[in-house]
Amino acid sequence: MKVAVIGLGAVGVQVLWQLSQQAHVEVQGFDAAYPGHSMAGAGGDSRLFWNLELTELAYTPLIRRAAESWRELEMISGVVLRDQTGVLVYGEEGDAQLECAIHSAELTGSPIAILSASDLRQRYPQFHFNDRSLGIWDQEGAVIRPERTVAVTGELARYNGATIHEFTPVLAIDSSGPRIRVSSRIGTQEFDRVIVACGGWTTKLLPHIRDEVIVRRLTSMWFHGFDDNYLTDFPSFLRTAPSYCYGIPSHDFRSVKLGLGFNDHYATGDADKLPRHLAGEALEEQLGKFEWIQHGMLPGLARRPYRVETYIESYTRSMIEYIHWHPENEDILVMTGFSGHGFRVAPVLGEIGSQLTLDGKSDLDISFMERAQPAFSILDREQGITTHNSVMSSHGTRD
């Protein structure tokens, strides 16, 4: 069987690696740049791995399997891809996402500690917590090294015999014939199966999914503390909606990367038609979106960041992955909309993509993805305009 994987980011490269392990599969990967580049959705030095689920309990088996898959990937590669730091998930008493997280920990058997407001203040004096604050310490949470993970996984696939076409964006997919024709700058090739996993660019290659998948540009900012010791022993954290945000400290605890949720991302209908490097009023606007964190949550941070980067993500209306066969050809598998659950489950999604491609079914039950209810509506798919997304709402505004 001859298979093409289009897009070698967080998920595509995992599918490529899984398929490369099959004796009777010839697999080729196509990427507009190369595995491990920083300009798509896998950049930014760090991603969170946490063992808790905030919205959909049916997702917990994937998280449990993902933890195993990460360990297997690290063992096979011999490379450290995650730093076992623990992760703090916190919000306020009564927040639905915190309650879901606690239930999910019970299902996965993940070791956690419930932290009251006084516990939180004692452990993490850098934060401003109110009297209703409630935290969950995910003991086995970790910080993923995203660029390294993608690059290492790509090399594992090469070692197994996979062909990787770097700087080779796919221009078209023709499914009208007996085999699927994939056109790129190196010509047109025919394949038995094709997996499309090019993140925020998937809607350009396959416009039919624009009613379900939307593209966003997120902004990450890196801050020092006013005091050189302010971030000592600072935890990687995720704050739940309705005050959604996250932070990941540097290895030396001298800085922290901060990120916001869906509603604070730049809306677009085309991943190639938006500003990637911020300056002037565009930068000023983005800085303003982070000020509530500095003023009301982490008051010891420097006034302005020393680094600002943008990345491209894709979301489904349900915030659950889009994994579907192409409506006109079931030899084409579409995998996109991974933002929301993030990089943490990429290895298990690679397994699922490989199994579906080879067997038409997966060992893991993903039927819940079909049942998931929309978190927002798409108002203008050409401009990427949507209604408010309560799953990743921030600024402390309750819906």
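Residues numbered from 1 in each chain as written. Predicted model: local features only at pLDDT ≥ 70, side-chain atom pairs only at ≥ 80, totals over all residues. Heavy atoms only, no water.

Engineer: Can you help me understand the side chain of Ser-220 in this one?
Structural biologist: For Ser-220, the location among the structural elements is in strand S14 (residues 213-224). Not counting residues within four places of it along the chain, the set of residues in contact with Ser-220 comprises Tyr-246, Lys-257, Leu-258, Arg-307, Val-308, Glu-309 and Tyr-311. (Helix = DSSP H or I, 4+ residues; strand = E, 2+ residues; numbered from the N terminus. Contact = heavy atoms within 4.5 Å.)

Engineer: Would you mind going over the sheet that holds strand S3 (residues 47-49) with me for this structure?
Structural biologist: Strand pairing in a sheet takes place through backbone hydrogen bonds and is either antiparallel or parallel in direction. As summarised here, the arrangement of the three strands in space is S3-S8-S4, forming an open sheet in which the pairing is antiparallel. Strands at the two margins of the open sheet, each flanked by one partner only, are S3 and strand S4 (82-83). One ladder, built from three bridges, connects S3 with strand S8 (residues 142-144); its direction is antiparallel. Along S8, the bridge assignment pairs Phe-49 with Ala-142. (Pairing = 2+ DSSP bridges.)

Engineer: It is not clear to me how the side chain of Glu-351 should be interpreted in this structure. Could you clarify?
Structural biologist: Tracing the sequence through the fold places Glu-351 in helix H8 (residues 346-359). A distance of 2.6 Å separates polar atoms of two side chains, one belonging to Glu-351 and the other to Ser-69. (Polar contact = N/O pair within 3.5 Å; in protein donor to acceptor, adjacent residues only side chain to side chain.)

Engineer: What should I look at first to understand the layout of surface pockets in this one?
Structural biologist: The method is simple in principle: a probe with the dimensions of a water molecule rolls over the atoms, and the space it marks as empty is what remains. Approximately 380 Å³ is the volume found for the second largest pocket. For the second largest pocket, the lining is made up of 23 residues, of which Val-143, Ile-248, Pro-249, Ser-250 and His-251 are closest to its centre. Counting only elements with at least two residues in the lining of the second largest pocket, the list comes to strand S16 (245-249) and strand S17 (255-259). Partitioning the lining of the second largest pocket into residue classes produces ten nonpolar, seven polar and six charged. (1 Å grid on protein atoms, 1.4 Å probe; cavity = no way out; pocket = protein on both sides within 12 Å on 5 of 7 lines; lining within 4 Å. Points joined across faces, edges and corners; volume = space filled by probe spheres on them. Nonpolar A, V, L, I, M, F, W, Y, C, P; charged D, E, K, R; others polar.)

Engineer: Help me understand the pairing of strand S7 (residues 133-138) in this model?
Structural biologist: Working note: regular strand, side chains alternate between the two faces of the sheet. Burial within S7 is extensive, with six of its six residues counted as buried. Burial of the side chains of S7 extends over both faces: Ser-133, Gly-135 and Trp-137 are buried on one face and Leu-134, Ile-136 and Asp-138 on the other. Inspection of the sheet shows strand S5 (residues 87-92) paired to S7 by six bridges, in the antiparallel sense. Its bridge partner lying in S7, Gly-91 is registered against Leu-134. (Buried < 20%, exposed > 50% of the residue type's maximum accessible area, 1.4 Å probe, protein only.)

Engineer: What should I look at first to understand unusual backbone geometry in this one?
Structural biologist: Across the chain, the bulk of peptide bonds are trans and the bulk of non-glycine residues have phi less than zero. A cis amide bond links Ala-241 with the next residue in sequence, Pro-242, at an omega value of 15 degrees. Inspection of the secondary structure assignment puts Pro-242 in the loop between strand S15 (237-239) and S16. The residue Met-319 is not glycine, and still its phi comes out positive at about 70 degrees. The residue Met-319 is located in the loop between strand S19 (307-316) and strand S20 (322-326) in this model.

Engineer: Help me understand the packing of aromatic side chains in this model?
Structural biologist: Enumeration according to the criterion identifies 16 aromatic pairs in this entry. Plain terms: the ring middles of Tyr-124 and Phe-127 are 6.4 Å apart, the flat faces sit at 70 degrees to each other, and that makes the pair edge-to-face. We classify Tyr-124 as buried; its relative accessible area is 6%. Aromatic pair Tyr-124 and Trp-137: ring centres 6.3 Å apart, planes at 35 degrees, arrangement tilted. Highlighted residues: Tyr-124 in the loop between helix H4 (117-123) and S7 and Trp-137 in strand S7, separated in sequence by 13 residues. Among the aromatic side chains, those forming a connected cluster through ring pairs are Tyr-90, Tyr-124, Phe-127, Phe-129, Trp-137, Phe-234 and Phe-237. Looking at Lys-2, its charged tip hangs above the ring of Phe-191, at a distance of 5.0 Å from the centre. A cation sits over an aromatic face here: Arg-344 above Trp-50, 3.8 Å from the ring centre. (Phe/Tyr/Trp six-rings, centres within 6.5 Å; stacked < 30°, edge-to-face > 60°. Lys NZ or Arg CZ within 6 Å of the ring centre and 35° of its normal.)

Engineer: What should I look at first to understand helix H7 (residues 280-296) in this one?
Structural biologist: In an α-helix, one full turn covers 3.6 residues, which means residues spaced three or four apart are oriented alike. Here H7 spans 25 Å end to end across 17 residues, near enough to the 24 Å set by a 1.5 Å rise per residue. Largest kink in H7: about 40 degrees, centred on Phe-290. Of the positions making up H7, those classed as buried are Gln-286, Leu-287, Lys-289, Phe-290, Trp-292, Ile-293 and Gln-294. Looking at the packing, one finds that the buried side of H7 touches S14, S15, S16 and S17. (Expected span 1.5 Å × (residues − 1). Bend = angle between axes of the 7 residues up to and from the residue.)

Engineer: Explanation requested: the sheet that holds strand S11 (residues 180-184) in the structure shown.
Structural biologist: If you walk across this open sheet you meet the three strands as S10-S11-S12, and the pairing is antiparallel. Each of the sheet's edge strands pairs with one partner strand only, and the pair in question is strand S10 (170-174) and strand S12 (187-191). This sheet shows a mean twist of 20 degrees between the axes of neighbouring strands, independent of strand direction. Looking at chain direction, S10 and S11 are connected through four bridges and run antiparallel. The residue bridging Asp-174 from the neighbouring strand is Arg-181, located in S11. (Axes fitted to C-alpha atoms, helices over the stretch in contact; angles between N-to-C directions.)

Engineer: It is not clear to me how the nonpolar core should be interpreted in this structure. Could you clarify?
Structural biologist: Generally speaking, soluble globular proteins have nonpolar side chains that are buried together. Membership of the largest hydrophobic core comes to 49 residues, with the highest contact counts inside it found for Ile-323 and Met-335. Of all the secondary structure elements, the ones that give two or more residues to this core are strand S1 (2-6), helix H1 (12-20), helix H2 (60-77), S8, helix H5 (146-159), strand S21 (329-336), H8 and helix H9 (368-371). Ranked by residues supplied to this core, first place goes to H2 with six residues. The contact partners of Ile-323, leaving out residues within four places of it in the chain, are Leu-333, Val-334, Met-335, Leu-349, Ile-352, Leu-356, Ile-366 and Met-369. Judged by nonpolar contacts, the second largest core, of 26 residues, contains Tyr-246, Met-319, Ala-375 and Met-392. (Core = buried A, V, L, I, M, F, W, Y, C linked by side-chain atoms within 4.5 Å.)

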